[in-house]
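Letter by letter, the chains look like this.
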Amino acid sequence: MLKLFRSKIVVALILMVFVLFCGVLGYKLISDYTWVEAIYMTIITVTTVGFAEVKPLDTEAKIFTVFLIVTSVFIFGFAISVITEYILSRNSLQILKKKRVRNMIKNLSDHVVICGYGRNGMQAADKLKAYKMPFVVIEKDKNIIEKHEEEILFVEGDANEDEILLEAGVDRAKYLITAVPDDATNLFVVLSARQLNQNLFIISRASQVTSLKKLEFAGANKVIMPDKIGGDHMASLVVMPDLITFMDKLSVEGEHTTNLEEVEIKDFTDQMDCKSLRDLDLRKKTGCTIIGYIEPDGKYIINPEADLELEPKGKVIVLGRPEQIQKLNQMFQIG
């Protein structure tokens, strides 16, 4: 619709320029005015301001003036109506778009709220999209929002404000990722979010080592230092390059390319009778290998035994090729 209005505006501008050109050329040829006089007569005629003529008009010049007035009134009226309609329609579309986004966010629950759409926030959003997890991004830069608003749900504003967090549905969310570069801002976001939702799992970015304890004390469940992780990763590529390259291969970007999956035991027990990892027999059924087990209390068991007893609130971590992971998800209707 906006493209249609833009084309109408282009047409209106062309017609306005054409009328001015015809007016200047007409007065120049009919009344033998100078170029300055012709421009002056054209402007006072099409704008109908009522200033005196440069010199008395003869019959031909009067007829031309009448024609120029009538034509310019219609064309300038058309141009004003098109521009006004464009401005009103643009505002209306923006209002409708924001209302639609608000309604979509209101229908979300157990989603992820990302604060800040910088480098880290963008990476987090891309990962969540690959896993088809619902999320909302809080961002105050209008240019960033306008660039990505067609594919991401944005809430415009400062994540420090409770109203903005509530608009993003933080009271119904399951996770919050605050990826703002400033540690002080992240600290305030963590404090505000924890007050609004006691059950929220909060992951915060930190730039300084001194901010780690403060963010944890404020209520963050996990605190990540991207710079430290990056340095460790580069050093590891020197110490054990093949192992790190292999680990990188486990997390390939894109749809249906994940090599690791986390599955709750209840997803299996709802469809089959299984008391141990041996009963699951995922290797035979899907090709996936269980490499870890997470107990309900959060304890991690690496490479668990086949006879390990399963608990409904526990989780297993499986390893497999993308097609094997996809087969697992389809077989047990996961995700």
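Higher on the page you've got the structure.
All residue numbers refer to positions counted from 1 along the written sequence of the respective chain. Totals for whole chains, interfaces and linings use every residue, but because this is a predicted model, local features are given only for residues with pLDDT of at least 70 and side-chain atom pairs only at 80 or more, for both listing and counting. Where side-chain values are given, they derive from all heavy atoms of the structure, hydrogens and water being excluded.

Moving on, we get to the sheet that holds strand S10 (residues 315–319). When DSSP finds two or more bridges between a pair of strands, those strands are recorded as paired. Where helices and strands are cited, they refer to DSSP runs of H or I of at least four residues and of E of at least two residues respectively, numbered from the N terminus. Strands sit in the order S7-S10-S8-S9 across an open sheet of four strands; the sheet is antiparallel. Unpaired on one side and paired on the other, strand S7 (260–264) and strand S9 (300–302) mark the two borders of the sheet. Put simply, the sheet's adjacent strands are angled 25° from each other on average, direction ignored. Any two residues having at least one pair of non-hydrogen atoms within 4.5 Å are treated as being in contact. To obtain an axis, a line is fitted to C-alpha atoms, over the contacting stretch when the element is a helix, and the angle between two such axes runs from 0 to 180 degrees between their N-to-C directions. Where helix H14 (residues 322–331) meets the sheet, it contacts S7 and S10, and its direction lies at approximately 20° from that of S7.

Looking now at the packing of helix H9 (residues 226–239) against helix H10 (residues 241–249). Contact geometry for H9 and H10: axes closest at 5 Å, N-to-C directions at 130°. Between H9 and H10, the interaxial angle falls into the category oblique. Contacts from His233, Ser236, Leu237, Val238 and Val239 in H9 reach Pro241, Ile244, Thr245 and Asp248 in H10. All amino acids are sorted into three groups, where Ala, Val, Leu, Ile, Met, Phe, Trp, Tyr, Cys and Pro are nonpolar, Asp, Glu, Lys and Arg are charged, and the leftover types, Gly among them, are polar. Looking at the contact of H9 with H10 residue by residue, the class counts come to five nonpolar, three polar and one charged. Orientation labels follow simple angle bins: below 35 degrees gives roughly parallel, above 145 gives roughly antiparallel, 65 to 115 gives roughly perpendicular, and whatever is left gives oblique.

Once that is clear, we can look at the nonpolar core. Where a protein is soluble and globular, its nonpolar side chains tend to be buried together. Among buried residues, the Ala, Val, Leu, Ile, Met, Phe, Trp, Tyr and Cys ones that are joined through side-chain atoms within 4.5 Å form a nonpolar core. Note on exposure labels: buried denotes an accessible area under 20% of the residue type's maximum, exposed denotes more than 50%, and partly exposed covers the range between, all computed with a 1.4 Å probe on protein chains only. The biggest cluster of nonpolar side chains holds 27 residues, and the ones touching the most others in it are Val113, Cys115, Ile138, Val155, Leu176, Leu200 and Ile202. Residue assignment for this core shows that the elements contributing at least two residues are helix H3 (59–106), strand S1 (112–115), strand S2 (135–139), helix H6 (162–167), helix H7 (183–196) and helix H8 (211–218). Considering each element in turn, this core owes the most residues, three residues, to H7. Once residues lying within four places of it in the same chain are set aside, the contact partners of leucine 176 are Val113, Cys115, Leu165, Val170, Val189, Ala193, Leu200, Phe201, Ile202 and Ile203. If you look at the next biggest cluster of nonpolar residues, it comprises 18 residues, including Phe268, Leu282, Ile290 and Val316.

Attention shifts here to the environment of isoleucine 164. Within the secondary structure layout, isoleucine 164 lies in helix H6. Judged by its relative accessible area of 10%, isoleucine 164 is buried. Taking the C-alpha atoms as reference, isoleucine 164 lies 7.7 Å from isoleucine 138; in sequence the two are 26 residues apart. Those residues in contact with isoleucine 164 that lie beyond four places of it in its chain are Ile138, Val155, Glu156, Gly157 and Asp158.

Below, the discussion takes up the packing of aromatic side chains. Here the distance between the centres and the angle between the planes together describe a pair of aromatic rings. A pair of Phe, Tyr and Trp rings is counted when the ring centres sit within 6.5 Å of each other, with Trp represented by its six-membered ring. The angle between the planes then sorts it: under 30 degrees is stacked, over 60 is edge-to-face, the rest tilted. A full pass over the atoms with the stated rule returns five aromatic pairs. An angle of 15° between the planes, with centres 5.9 Å apart, marks the rings of tyrosine 27 and tyrosine 33 as stacked. By relative accessible area, which is 0% here, tyrosine 27 ends up buried. Exposure remark for tyrosine 33: the relative accessible area of 1% places this residue in the buried category. With a centroid separation of 5.5 Å and an interplanar angle of 85°, the aromatic rings of tyrosine 117 and phenylalanine 154 are classed as edge-to-face. Placement of tyrosine 117 in the loop between S1 and helix H4 (119–130) and of phenylalanine 154 in strand S3 (residues 154–156) is noted, with a sequence separation of 37 residues between them. For the pair shown, tyrosine 117 and phenylalanine 154 are each scored as buried.

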